[in-house]
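# Observations on the model geometry
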Amino acid sequence: MSTPSPISQGSSSAHTTGGQSSNQDANQLQEPARVYDIYSWSNKSPSTRLVYIQNVDAANQAIAQLNTKVLGFDLEWKPNFVKGRPENPVALVQLASAELILLIHVSYMHTFPEKLRELLADESIVKAGVGIQKDCKKLYEDHGVDTRNCVDLSLLARTVDNPRWKGKYASPIGLSRLCEAYEELTLQKGRVQTSNWEQPLDLRQQQYAANDCHAGLVLYLRLVRMATAMDPVPQRVWYTFDVINGYLYQPSSGTLWHPFNPYYDPGPPPPPRPPRVNDGTNPNGPQEPFRGGRFPRRGRQRHPQARPLSPSATAFVPGAHAHTPSPSPSPVAGFAPPRSAGEMSSHSYTRSPAPRYPSPSAAPAGIPMMDVDEDGFPRMGRVPRAYQGKPRAYGDGGSGFGAHPNAGSDAGRGRGQGRGRGRGRGQSQPVVRLGYFSIVG
C-alpha cells in the first residue's frame, strides 16, 4: 500500500482550506438578517399577574396592592385619522411591576381614580417608558394629572451606552429597538397599535399593552445596573423629569427641564448630501428625474435664447464687462432738460422745483391733431360697442350717439320699441339734435 508524498498532502490540504474559506465567504454573503423572537411578558416573568380594570373602585383597590418603587409606564388612546381634528383623550393607563400588571381603562370610568392620581404624583416611585414626555403632557391636558419622577429610557440608554447609540441626544429610540439591543427580543407591532382603545379590550390588545409597559420595566432595571457600574455615576437629571401643570421640570425642583447631557458624544456628523451634477442628458437642465417627468414645465427656462433688449441695443452676453443700453427718446420741446448728478445731489434735501409743462404753441408741427367737430368734441372713427346707445337723450327713453358723425338717426326709436308697448314702432316724438345733446320736440 503506497503512501502519498508530503508535497501531495500539502497541496491537497491547501486546496481543501481554500475551498472552505470560499464556502465561508459565500455563507457570510448569503446570511439572512437576524430574526428575533417575540417579546412576551408571561414568558419573561411567569409569576406576574395581569389585571384589566374598568371600574374606579376596583382600580383604587388594585393600586393599593402595589408595593414597589419602580413601574413600567405607558398610555394608549384612540388614533385620529382625520387631519386637522384634535387628538382623542387618553383611554388606557398601563402600569407594570415585578408581580402585577394593571391595565386601567380610564375611558370607561366616570372619574379619574384618586389612587392612580396619587401614585403618578408620588416622586418616590419611578415611572419608566420611552418618549413619555408627550404622554405625560397629554395626561395632564386630558385629566389634569401631574406625573413625577419620569424616566425616558432612550435618554438613559444614550447616557449609559454612548458607544452604541450615536446621533442627537434628544432623538428617541424605539422601545422595540431597545429590546432587540438588550434583551434580544422584539415587540410585535401591527394593526393592534392603531386600534380603537376606547372600546372594551380584546385579548390581543391586552397582550400588546401589557408587553409595552412590562418591557419598559425590564429595560429600566438593566440600564440602571449599567449606570451604577459607571464611574462616575450619571446624574439623574440627564434622563429624569417631572411634569407639573403640563410643563417639564427638573426632579423636585422649580427649574425647567430639557434633555441635556454635557458628556454625551453624538459622533461624527452625517456626510453631506452629494451635489447635483448635470451630465447634459437632460434637455431641461439640472432637474430631478421624477420631477421633470411629472412637471415638465416647472423649472424650465422660458427664454433660453438671448434676445436684444431693443432694436438699437446689442444682445446681452453673460459675463460681458459692459452692455450698451437702449438710447433714451428725445425730450419733448418745452420740457426741462435732465439735471446732472451734481444738481440732483444739491437738491436731495430741498423742495423740488415746479414742473415746466410745454405750452400749446410749442407743440411740434409734425404731430397730427385729433379731429374735432364744430363744438370742439373729438370725432371718433368708430363707435365702440360699449358706447353704442349712450348717452341717453334728455327726455327720451331711447338712446343716441350725440355728435358722432356715424351715429344713426333717432327717428323711429321711442319708448317701447321692440317691446310692443307704448306708442308702438316708429311713432315716437321727433328728436332735434343740437350738438351733443338731443331735444325732444
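Residues numbered from 1 in each chain as written. Predicted model: local features only at pLDDT ≥ 70, side-chain atom pairs only at ≥ 80, totals over all residues. Heavy atoms only, no water.

## Remarks on the overall build of the chain
Rules: By definition, any uninterrupted DSSP run of H or I lasting at least four residues is a helix, any uninterrupted run of E lasting at least two residues is a strand, and each is numbered from the N terminus. Buried, partly exposed and exposed residues are distinguished by accessible area as a fraction of the type maximum, computed with a 1.4 Å probe on protein chains only: under 20%, between the cut-offs, and over 50%, respectively. Should any heavy atoms of two residues lie within 4.5 Å, those residues are considered in contact. Surface accessibility in these figures is a Shrake-Rupley result with a 1.4 Å probe; residues are shielded only by whichever protein chains are displayed.
When helices and strands are counted, the chain shows 10 helices and 12 strands. Every one of the 441 residues in the chain was classed for burial, and the buried ones make up 30%. In the chain, 59% of the contacts between residues at least 6 apart in sequence involve partners at least 24 apart. A total accessible area of about 29900 Å² is found for the chain, and carbon and sulfur atoms account for 54% of it.

## A word on unusual backbone geometry
The omega angle of the peptide bond from Asp231 to Pro232 is 0 degrees, so this bond is cis rather than trans. Tracing the backbone through its elements, the reader meets Pro232 in the loop between α8 (203–228) and β9 (240–244). Its identity is not glycine, yet Ser252 carries a phi of approximately 55 degrees, on the positive side. Residue position: Ser252 is located in the loop between β10 (247–249) and α9 (289–294). When its relative accessible area of 55% is taken as the criterion, Ser252 is described as exposed.

## Here's the deal with the pattern of salt bridges
As a reminder of what qualifies: Any carboxyl oxygen of Asp or Glu within 4 Å of a side-chain nitrogen of Lys or Arg constitutes a salt bridge here.
The full count for this structure, using the stated rule, is nine salt bridges. Here Lys134 ties to Glu87 by a salt bridge, and the two come within 3.5 Å at their closest N and O atoms. Here Lys134 is found in helix α5 (residues 132–143), whereas its partner Glu87 is found in the loop between β3 (70–77) and β4 (90–96), with 47 residues between them in sequence. What makes Lys134 partly exposed here is its relative accessible area of 48%.

## Examining the layout of surface pockets
Here is the rule we go by: Points on a 1 Å grid over protein atoms alone make up a cavity when a 1.4 Å probe fits among them but cannot get out, and a pocket when they form an open set with protein on both sides within 12 Å along at least five of seven lines; lining residues each have an atom within 4 Å of a point. Grid points are joined across faces, edges and corners, and a volume is the space filled by probe spheres set on the points. Classification convention: Asp, Glu, Lys, Arg as charged; Ala, Val, Leu, Ile, Met, Phe, Trp, Tyr, Cys, Pro as nonpolar; all other residues, Gly among them, as polar.
Estimates place the volume of the largest pocket at around 520 Å³. Lining the largest pocket are 21 residues, and of these Asp74, Leu75, Glu76, Asp135 and Gln193 lie nearest its centre. Of all elements in the fold, only β3, α5 and α8 reach the threshold of two or more residues within the lining of the largest pocket. Here the lining of the largest pocket gets five residues from one element, more than from any other, and that element is β3. Counted by class, the lining of the largest pocket contains nine nonpolar, five polar and seven charged residues.

## Some remarks on the packing of helix α7 (residues 175–182) against α8
For clarity, the threshold we go by: Axis definition: a line fitted to C-alpha atoms, limited for helices to the stretch in contact. Angles are taken between N-to-C directions and run from 0 to 180 degrees. To sort the angles, those under 35 degrees are grouped as roughly parallel, those over 145 as roughly antiparallel, those from 65 to 115 as roughly perpendicular, and the leftovers as oblique. What makes a crossing left-handed is the near helix being turned counterclockwise from the far one by less than a right angle; a clockwise turn instead makes it right-handed.
In the contact formed by α7 and α8, the axes pass within 10 Å of each other and the chain directions differ by 50 degrees. By the angle class used here, α7 and α8 are oblique. Of the two possible hands of crossing, α7 and α8 adopt the one that is left-handed. Two secondary-structure elements touch here, α7 through Leu175, Leu178, Cys179 and Tyr182 and α8 through Asp212, Ala215, Gly216, Leu219, Arg222, Leu223 and Met226.

## Notes on the confidence of the model for the chain
Inclusion rule: The quantity called pLDDT is the predictor's confidence in a given residue, expressed from 0 to 100.
The pLDDT averaged across the chain works out to 76; a share of 56% of its residues lies at or above 70. The model gives residues 1–18 a pLDDT under 50, and that stretch makes one contact with residues more than four places away or in other chains.

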